[in-house]
Amino acid sequence: MIDKNIFRNISYGMYLVTTKNTKNNGCIINTLTQITSENPIISISINKNNYTNNEIKESRKFAVSIISTNTDNDIITTFGYKTGNDTNKFENINYEEIGSLPVVTDKMIGYLICDVINRVDCETHDIFIARVKEGKKLNDLEAMTYKYFHEVRKGTSPKNAPTFINEKKEDAYRCPICGYIHDNAKETIKFEDLSDDWVCPLCKAPKSVFEKI
């Protein structure tokens, strides 16, 4: 038996991976590792069900924006909980084109431009191993960690994330758009007592769409 909560004690960052094949697309990941320092190589892990996965396979290029604690929730909601299959994720997003790739730089710590040199099949996920061709630090903001995202932003992992846990609560309500959970056992105000114009603190979805879990 594996207690999956133990994986949440592994240190994770939060990253926005973007690419372009048929169109601009991207997703949020929390698994990125630097492998070498000379001619730097990194690896990222992306679920095979993510549209971004196939786009990277085809283009063999991607960019990584390092998310800060100042990064807007709209970025995380758009790239973390929506699919590029039926959504233009860049429609209302400011970005720059760097090395033929769309790169989000606003309130990001910096970015990397990468060329894929190998892919490892890991059942539900692919690990893309890539050489960093360009990288730039943009500011000294604090990096957003997986722990910060969960404990401060009150975010939850989407189902395609390697760290996803299907949490069961006794008395709680979940946002069907971004996965935010309002747990009556932990909040000072119960969900039923929130005003009708209350909205999800992550994605601004109305109270009316929340589902009891």
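Residues numbered from 1 in each chain as written. Predicted model: local features only at pLDDT ≥ 70, side-chain atom pairs only at ≥ 80, totals over all residues. Heavy atoms only, no water.

(A) Spatial organisation of the pattern of salt bridges. One pass over the full model with this rule turns up seven salt bridges. Between Asp 126 and Arg 119 there is a salt bridge whose closest N-O contact spans 3.0 Å. By relative accessible area, which is 40% here, Arg 119 ends up partly exposed. For the salt bridge of Lys 137 with Asp 140, the shortest nitrogen-to-oxygen distance reads 2.8 Å. Of the two residues, Lys 137 and Asp 140, neither departs from the other in class, the shared state being exposed. Through salt bridges with shared partners, a single ionic network connects Lys 57, Arg 119 and Asp 126. (Salt bridge = Lys/Arg side-chain N within 4 Å of Asp/Glu carboxyl O. Buried < 20%, exposed > 50% of the residue type's maximum accessible area, 1.4 Å probe, protein only.)

(B) The nonpolar core, seen in detail. Of all hydrophobic cores here, the largest spans 26 residues; its most connected members are Leu 16, Cys 175, Cys 178, Tyr 180, Cys 200 and Phe 210. The greatest single-element share of this core, amounting to four residues, is contributed by helix H2 (residues 73-81). Contact partners of Cys 175, with chain neighbours within four places excluded, come to Tyr 180, Cys 200, Cys 203, Ala 205 and Phe 210. Among the nonpolar cores identified, the runner-up in size contains 16 residues, and Tyr 15, Val 17, Cys 27 and Phe 62 belong to it. (Core = buried A, V, L, I, M, F, W, Y, C linked by side-chain atoms within 4.5 Å. Helix = DSSP H or I, 4+ residues; strand = E, 2+ residues; numbered from the N terminus. Contact = heavy atoms within 4.5 Å.)

(C) How the structure looks around the pairing of strand E9 (residues 125-137). Pairing geometry for strand E4 (residues 41-47) and E9, over seven bridges, is antiparallel. Each residue of the ladder has a partner; that of Ser 43, found in E9, is Ile 129. Here strand E8 (residues 108-122) runs beside E9; their pairing, made up of twelve bridges, is antiparallel. Bridging across to E9, Tyr 111 finds its partner in Lys 136. Taken together, E8 and the strand that follows it, E9, pair antiparallel across an intervening segment of two residues, in which Glu 123 is found at a positive phi of about 60 degrees. (Pairing = 2+ DSSP bridges.)

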